[in-house]
Amino acid sequence: MHPHTRRGILPAVLSVLVGITVGMPGHGQEKTKEPVATPPTTSRPVRSTGTGLLLEPPLMLTNVTRAQFLEMAGTVGRHRIGRPWIQPIMPLPEPKARKGQALTPTEVRDYMMEARRRFDAGESVPVSDVGLISTQEDVIRQPMLNHIAAFSNSVARVYLLVQRTATDRAWSYYSIVQDLTQRPAVDHFAELTRSGPKPEGTSCYKCHASGPLAIHPNREDLILDAGLAAALNEHIANQPLSRFHFPKGSPSPPPGKPLTLKACARCHDGEGERNRLFQVHAHPIRVLVDFGHMPPDRPLKPEELSELKAWLTSDP
Ligand code: HEC
Ligand code: HEC
């Protein structure tokens, strides 16, 4: 059920997106007020820089209005999103004193379920957006509607993602729990199914090399509360270095060659800020570099871009 594992390829995304807003379940029946309007967003406009790294034409949403976006995002339950907030990261109760023991599987699971409970009860402050790299562009040509909420205490950073494409009927729930009792911290991933969290590693690792990812909306106006997104992104950028936990039955995929390009490896080196990147991370690398998000400070020089392309297509 995970985003990138689904096969359906849908070229007519735009017409589907526009059409779906009419037949959406609950359309016109919700009596609650519109989500709080946001001021003009501060997120960077997303534009392909034409590096030639993308495998398909960029997935832009030129025909979708902000009103349609709000309508679709609101099907998750309007009382759950666009809520006023003071703290971007919601505090969780502190655990009893512990001496550096790692979180137990039960604790990880409880944190995930508590995040879900709070979201469902309308007690979290999620950012709602149409994600840019949440879909593997050559696998499903569909934008993802996302709601992302973050929680924390002194031993855990907990993230919740509630997600669906415009054509999915139901919302799916995913969670990341970062265990801060360990150095480096340890990231646990799961899909939250009806019967509880289903731990997962293999598929999540392809995009989440260093735990949670910054929120990059597909279009400047396809986000509800850009100020909140900026605060969450700061929290994510400042997270401690972490190690990916592969649960039983969901092992590391073959990584391929490591990325040694200096323009990337000075930060993605597994020591300072972020974990090393490998060929298995090709999708987020292609998209983040093409859209000018990586490296964060400057575009790649032509010779660096050629080196990156050669590496991406070289044998593992
Ligand atoms: C195809 C790439 C991709 C894959 C595979 C993927 N994710 Fe994500 N995920 C993203 C992106 C991109 C975001 C940020 C969304 C945005 O920009 O709004 C995200 C966000 C999240 C968040 C919210 C916190 C954060 O990182 O911002 C959670 C929780 C999450 N993903 C869980 C999972 C889990 C669990 C799996 C595996 C079952 C998984 N993801 C697999 C791309 C991916
Ligand atoms: C100055 C430090 C820095 C440099 C240089 C840099 N990155 Fe990043 N990168 C980050 C940070 C911080 C994040 C997480 C926050 C974000 O996504 O904005 C990140 C996130 C990523 C991610 C998402 C997976 C992850 O590790 O969280 C990818 C993929 C990525 N960068 C690729 C690249 C590539 C490719 C280059 C070189 C072309 C590069 N980066 C250069 C700091 C850097």
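Scroll up a little and you will see the structure.
Heads up: these notes are all about the structure in this document. (Residues numbered from 1 in each chain as written. Chains lettered and ligands numbered in written order. Predicted model: local features only at pLDDT ≥ 70, side-chain atom pairs only at ≥ 80, totals over all residues. Heavy atoms only, no water.)

Here's the deal with the overall build of the chain
Going by this rule: We count a stretch as a helix when DSSP gives it H or I for four or more residues in a row; a strand needs E for two or more, and each element gets its number in order from the N terminus. Only protein chains enter the accessibility calculation, which uses a 1.4 Å probe; a residue is then buried when its area is under 20% of its type maximum, exposed when over 50%, and partly exposed in between. Contact criterion: two residues are considered in contact whenever any of their non-hydrogen atoms come within 4.5 Å of each other.
Regarding its fold elements, the chain presents eight helices and nine strands. For the chain, with 316 residues in total, the buried portion stands at 53%. Sequence separation of at least 24 residues holds for 72% of the intrachain contacts in the chain that already meet a minimum separation of 6.

Comments concerning helix α5 (residues 226–237)
For the record, the criterion: Helix span is expected to be 1.5 Å times the residue number reduced by one.
When the terminal C-alpha atoms of α5 are compared, their 16 Å separation across twelve residues agrees well with the 16 Å that a helix rising 1.5 Å per residue should span. Along α5, the residues that are buried comprise Ala226, Leu228, Ala229, Leu232, Asn233, His235 and Ile236.

Overview of the packing of aromatic side chains
Ring pairs (aromatic) are described by centroid distance and by the angle formed between their planes. Selection rule: For Phe, Tyr and Trp, where Trp contributes only its six-membered ring, two rings pair if their centres lie within 6.5 Å, and the inter-plane angle classes them as stacked under 30 degrees, edge-to-face over 60, or tilted in between.
Applying the stated rule across the entire model yields five aromatic pairs. Plain terms: the ring middles of tyrosine 205 and phenylalanine 244 are 5.1 Å apart, the flat faces sit at 75° to each other, and that makes the pair edge-to-face. Of this pair, tyrosine 205 sits in helix α4 (residues 202–205) while phenylalanine 244 is found in strand β9 (residues 242–244), placing the two residues 39 residues apart along the sequence. Overall, phenylalanine 244 belongs to the buried group, its relative accessible area being 10%. Among the aromatic residues, ring-to-ring pairing joins Phe189, Tyr205, Phe244 and Phe246 into one connected group.

With respect to the environment of serine 152
Examined against the element boundaries, serine 152 turns out to sit in strand β3 (residues 144–152). Relative accessible area serves as the criterion here: at 18%, serine 152 is assigned to the buried category. Separated by 37 residues in sequence, serine 152 and alanine 115 place their C-alpha atoms 10.0 Å apart.

Points about the nonpolar core
Soluble globular proteins tend to bury their nonpolar side chains together. Threshold: In these notes, a set of buried Ala, Val, Leu, Ile, Met, Phe, Trp, Tyr and Cys residues joined through side-chain atoms within 4.5 Å is what counts as a nonpolar core.
In terms of nonpolar packing, the biggest core is built from 31 residues, with Tyr111, Val158, Leu160 and Val177 touching the most fellow members. Sort the elements by how many residues they give to this core and helix α3 (residues 105–120) lands first, with five residues. Beyond its immediate sequence surroundings of up to four residues, tyrosine 111 is in contact with Leu92, Pro95, Leu103, Asn153, Val155, Ala156, Val158 and Val177. In this structure, Ala150, Ile176, Ala226 and Ala229 belong to the second largest nonpolar core, which totals 22 residues.

Notes on the site of ligand 1
Heads up, the rule is: The criterion for a residue being near a molecule or strand is simple. One of its heavy atoms has to lie within 4 Å of it. Side-chain atoms alone can form a polar contact between residues adjacent in sequence; in general such a contact is a pair of N or O atoms within 3.5 Å, and within protein one must be able to donate a hydrogen while the other accepts it. Residues are sorted three ways: Asp, Glu, Lys and Arg are charged, Ala, Val, Leu, Ile, Met, Phe, Trp, Tyr, Cys and Pro are nonpolar, and all the rest, Gly among them, are polar.
In the neighbourhood of ligand 1, 27 residues make up the surrounding shell, with Asp129, Cys204, Cys207, His208 and Leu213 lying closest. In the model, an oxygen atom of ligand 1 is placed 2.7 Å from a nitrogen or oxygen of the aspartate 129 side chain. Within the side chain of asparagine 146, an N or O atom sits 3.3 Å from an oxygen atom of ligand 1. Those elements that place two or more of their residues in the shell around ligand 1 are β3, β4 (156–165), β5 (172–179), β6 (185–193) and α4. The element that contributes the greatest number of residues to the shell around ligand 1 is β5, accounting for three residues. Of the residues contributing to the shell around ligand 1, the split by class is 15 nonpolar, ten polar and two charged.

Here we look at the coordination of the iron atom of ligand 1
Quick note on the threshold: With water omitted from the atoms examined, metal sites may look incomplete; donors here are N, O and S atoms no farther than 2.8 Å from the metal, or 3.2 Å in the case of Na, K and Ca.
When only protein atoms are considered, the iron atom of ligand 1 has one donor, His208 (NE2), at a distance of 2.1 Å. The topology assignment puts histidine 208 in the loop between α4 and β8 (223–224).

Topic: unusual backbone geometry
Residues apart from glycine generally show negative phi values, whereas peptide bonds are mostly found in trans. The step from arginine 183 to proline 184 runs through a cis peptide bond, and the omega angle for that step is -10°. Summarising the element assignment, proline 184 is placed in the loop between β5 and β6. The residue after methionine 294, namely proline 295, is reached through a cis peptide bond having omega -10°. In this fold, proline 295 is placed in the loop between α7 (282–290) and α8 (302–313). If you check the backbone angles, aspartate 225 has positive phi at about 80° while not being a glycine. Along the chain, the position of aspartate 225 falls in the loop between β8 and α5. Residue classification places aspartate 225 among the buried residues on the basis of a relative accessible area of 17%.

A few points about the environment of glutamate 200
As for its position among the elements, glutamate 200 is in the loop between β7 (196–199) and α4. Residues glutamate 200 and histidine 188, spaced twelve residues apart in sequence, show a C-alpha to C-alpha distance of 8.0 Å. Here the side chain of glutamate 200 touches serine 203 through a polar contact of 2.5 Å, side chain to side chain.

Brief notes about the pairing of β6
Stated precisely, the cut-off is as follows: Two strands qualify as a pair provided that DSSP identifies no fewer than 2 bridges between them.
In terms of burial, β6 is largely enclosed, as eight of its nine residues are buried. Sheet topology places β5 next to β6; seven bridges connect them, and they run antiparallel. Residue pairing for β6: serine 175 is matched across the bridge by alanine 190. What sits between β5 and β6 in their antiparallel hairpin is a turn of five residues. Where β6 folds back on β7, the antiparallel hairpin that results is connected by two residues.

With respect to the side chain of arginine 286
In this structure, arginine 286 sits in helix α7. Overall, arginine 286 belongs to the buried group, its relative accessible area being 13%. Not counting chain neighbours up to four residues away, the residues in contact with arginine 286 comprise Leu53, Leu54, Leu55 and Leu312.

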